[in-house]
Amino acid sequence: MSEKPETNAANFDRNDERSQMGRDIVALLPRLRRFAAGLTGSVQEGDDVVQTACLRALERYHQWEPGTRLDSWMFRIIRNLWLDRGKSAWNRLVRSDPEALVEIADHSLGREIEVRDELAAARAAIAGLPEAQREVLLLVTVEGLTYEAAADVLGVPLGTVMSRLARARVAVARQVRGEQREAEAEPDAAAAKRRS
């Protein structure tokens, strides 16, 4: 008879842990959605991955060790789900989501178009990165993870994270600068054509 209250107490503790984990995951949702959208190239597809990841985490809450970083565990689940879906950086298109644009202080139409173009160029540059570089770039620069935490999420050595991040930053900067130079040269070429 004494076993029944202990069993009920143990079940209550597990349910309480699961409930707390659910609340903690809800607090992480903006970061999880941002990471998943960056991986998948689409807010909608990213939301699907996050929903599946949350469900998987709650179903397997007993696998998470309290005292460790829940965000790292969730990022790893998202990454693994995305990889399981067989997505590749080479066959995805970057889709622009106007709703996701940040508020623009200067609401002039010209400035808004310029900001959209810059955002599209940055998204295209990030989407064009090799998968390994894109994952590191998103975890460190967008999600704010330390290099050590990103290495843990990805299961790679710290030096690998550092080199992938450096290569990703250089590649994105080169592509975005290159597109800006082309855009700046276009008005000059058009003006020269009109003169001739």
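Cut-off values and rules
Residues numbered from 1 in each chain as written. Predicted model: local features only at pLDDT ≥ 70, side-chain atom pairs only at ≥ 80, totals over all residues. Heavy atoms only, no water. Helix = DSSP H or I, 4+ residues; strand = E, 2+ residues; numbered from the N terminus. Buried < 20%, exposed > 50% of the residue type's maximum accessible area, 1.4 Å probe, protein only. Salt bridge = Lys/Arg side-chain N within 4 Å of Asp/Glu carboxyl O. Axes fitted to C-alpha atoms, helices over the stretch in contact; angles between N-to-C directions. Parallel < 35°, antiparallel > 145°, perpendicular 65-115°, else oblique. Left-handed = near helix turned anticlockwise from the far one by under 90°. Contact = heavy atoms within 4.5 Å. Phe/Tyr/Trp six-rings, centres within 6.5 Å; stacked < 30°, edge-to-face > 60°.

Draft legend 1. Local environment of the environment of Ala171. Mapped onto the fold, Ala171 is located in helix H7 (residues 158-195). Residue classification places Ala171 among the partly exposed residues on the basis of a relative accessible area of 31%. Each C-alpha atom of the pair Ala171 and Gly128 lies 9.2 Å from the other, and the pair is 43 residues apart in sequence.

Draft legend 2. Representation of the pattern of salt bridges. Applying the stated criterion across every chain yields a total of 7 salt bridges. Arg31 is the salt-bridge partner of Asp71, the closest N and O atoms lying 3.2 Å from each other. Placement of the pair is Asp71 in helix H3 (residues 70-84) and Arg31 in helix H1 (residues 3-40), with a sequence separation of 40 residues. For Asp71, a relative accessible area of 8% puts it in the buried group. With a relative accessible area of 22%, Arg31 lands in the partly exposed category.

Draft legend 3. Just the packing of helix H2 (residues 43-59) against H3, in detail. Closest axis-to-axis distance for the H2/H3 pair is 9 Å, and the angle between their directions is 120 degrees. Viewed along their axes, H2 and H3 adopt a mutual orientation that is oblique. The way H2 lies across H3 gives a crossing that is right-handed. In this structure, H2 uses Val49, Val50, Thr52, Ala53, Cys54, Arg56 and Ala57 to contact H3, whose residues at the interface are Trp73, Met74, Ile77, Ile78, Leu81 and Asp84.

Draft legend 4. A look at the packing of aromatic side chains. One pass over the structure, following the stated rule, counts 1 aromatic pair. Plain terms: the ring middles of Phe35 and Phe75 are 5.1 Å apart, the flat faces sit at 65 degrees to each other, and that makes the pair edge-to-face. Here Phe35 is found in helix H1, whereas its partner Phe75 is found in helix H3, with 40 residues between them in sequence.

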